[in-house]
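Spelled out from the first residue to the last, the chains are:
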Amino acid sequence: MKKQLLIFGAPGVGKGTQAKLIADKLEIAHISTGDILREAVSKETEMGKLAKVIMEKGELVPDNIMIGIVRDTLKEDKCSNGYILDGFPRTVKQAEMLDEILKELNSNDICLINIEVDNKLIIQRLSNRKMCTNCGSILSIDAIEEPERCPKCKAVGKLIKRKDDEVEVIKNRLEIYHNLTEPVLSYYKKKSIKIISVDGSKTIGDVNLTILRELKGYYNI
Ligand SMILES: [Zn+2]
């Protein structure tokens, strides 16, 4: 069975980190719509310019743009062995469109990973992180030992607070998550797909082990 995974959770629950670990372990593609959008923003493409304004306010990029990105990406060769989709679908409309795309691709089996963390912890985690503009790493302030020096690439003076990690913007993102993305979970719960729910307040390693154990049971790997 081709491994087609969706990873879910509010902003700041560690979706991106887990998605990367899972993709490496299962040798499948990690498709992060956030990364794709940020790349478009840094390249200043037409889509990037539009996305920049929307993301800085903590709002969702319109469905039609997101669906176009996902449709194109899932058809690429790198997805032939499977993929984990991170950041999509974020609305019920997007979930319905994903069903259509999967039908086109003749591969309807998906498995959903849901990472649960309470809002208070999320706000604490997100308001405590910085991004390195040199290598693109997103870092918890706790991981930065020397002031201003990136622990990954060692560049100095390149650490910034992302606009979408400011507290007011975080609160906006959480509210949008609650209003628009939680209904997507209900949408999938009504279908008979495999859903793995994990407690995201644990360490990265513990969360990862729990997910992999469940996936092994499901895919027989
Ligand atoms: Zn760096």
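Residues numbered from 1 in each chain as written. Predicted model: local features only at pLDDT ≥ 70, side-chain atom pairs only at ≥ 80, totals over all residues.

1. Quick notes on the sheet that holds strand 6 (residues 138-140)
Turning to step 1, where the next piece is worked out: Reading across from one edge, 6-5-7 is the order of the three strands in this open sheet, with antiparallel pairing throughout. The two strands at the open ends of the sheet, each matched to only one other strand, are strand 6 and strand 7 (159-160).
Turning to step 2, where the next piece is worked out: Here strand 5 (residues 129-132) runs beside strand 6; their pairing, made up of three bridges, is antiparallel. Bridging across to strand 6, Arg 129 finds its partner in Ser 140. (Pairing = 2+ DSSP bridges. Helix = DSSP H or I, 4+ residues; strand = E, 2+ residues; numbered from the N terminus.)

2. Regarding the pairing of strand 5
Turning to step 1, where the next piece is worked out: A one-sided burial pattern is seen for strand 5, the buried positions being Lys 130 and Cys 132 and the unburied ones Arg 129 and Met 131.
Turning to step 2, where the next piece is worked out: Two strands pair when backbone bridges link them, and strand 5 and strand 7 are joined in this way by two bridges, in the antiparallel orientation. Note on strand 7: the bridge partner recorded for Met 131 is Ile 160. (Buried ≥ 20, exposed ≤ 12 C-beta atoms within 10 Å, placed from the backbone.)

3. Side note on the environment of Arg 149
Turning to step 1, where the next piece is worked out: Structurally, Arg 149 can be placed in the loop between strand 6 and strand 7.
Turning to step 2, where the next piece is worked out: Separated by 45 residues in the primary sequence, Arg 149 and Lys 194 have C-alpha atoms spaced 42 Å apart.
Turning to step 3, where the next piece is worked out: Not counting residues up to four positions away in its chain, the partners in contact with Arg 149 are Lys 154 and Val 156. (Contact = placed C-beta atoms within 7 Å.)

4. Some thoughts on the nonpolar core
Turning to step 1, where the next piece is worked out: Formed by 41 residues in total, the largest nonpolar core has its most connected members in Ile 84 and Ile 113.
Turning to step 2, where the next piece is worked out: What Ile 113 contacts, discounting residues up to four positions off in sequence, is Leu 5, Leu 6, Ile 7, Phe 8, Ile 196 and Ile 211. (Core = buried A, V, L, I, M, F, W, Y, C linked by C-beta atoms within 7 Å.)

5. Brief notes about helix 2 (residues 33-42)
Turning to step 1, where the next piece is worked out: Those residues of helix 2 not exposed but buried are Thr 33, Ile 36, Leu 37 and Ala 40. With its buried residues spanning 95 degrees around the axis, helix 2 presents them on a single face.
Turning to step 2, where the next piece is worked out: In this fold, the buried residues of helix 2 make contact with strand 2 (29-32), helix 3 (46-56) and helix 4 (63-74).
Turning to step 3, where the next piece is worked out: Of the residues flanking the end of helix 2, it is Glu 44, one or two places downstream, whose phi is positive at about 55 degrees. (Arc of directions from axis to C-beta.)

6. Some points on the domain arrangement of the protein chain
Turning to step 1, where the next piece is worked out: The domain architecture assigned to the protein chain consists of domain 1 (3-117 + 167-219) and domain 2 (128-165).
Turning to step 2, where the next piece is worked out: Just the C-alpha atoms count here: the centres of domain 1 and domain 2 sit 24 Å apart. (Domains from an automatic or database assignment.)

7. Structural notes on unusual backbone geometry
Turning to step 1, where the next piece is worked out: Following Phe 88, the chain continues into Pro 89 via a peptide bond in cis, with omega recorded as -5 degrees.
Turning to step 2, where the next piece is worked out: As for its position among the elements, Pro 89 is in the loop between strand 3 (82-86) and helix 5 (92-104).
Turning to step 3, where the next piece is worked out: Residues other than glycine seldom take positive phi values, yet Glu 27 does so here, at roughly 55 degrees.
Turning to step 4, where the next piece is worked out: Counting through the fold element by element, Glu 27 comes out in the loop between helix 1 (15-26) and strand 2.

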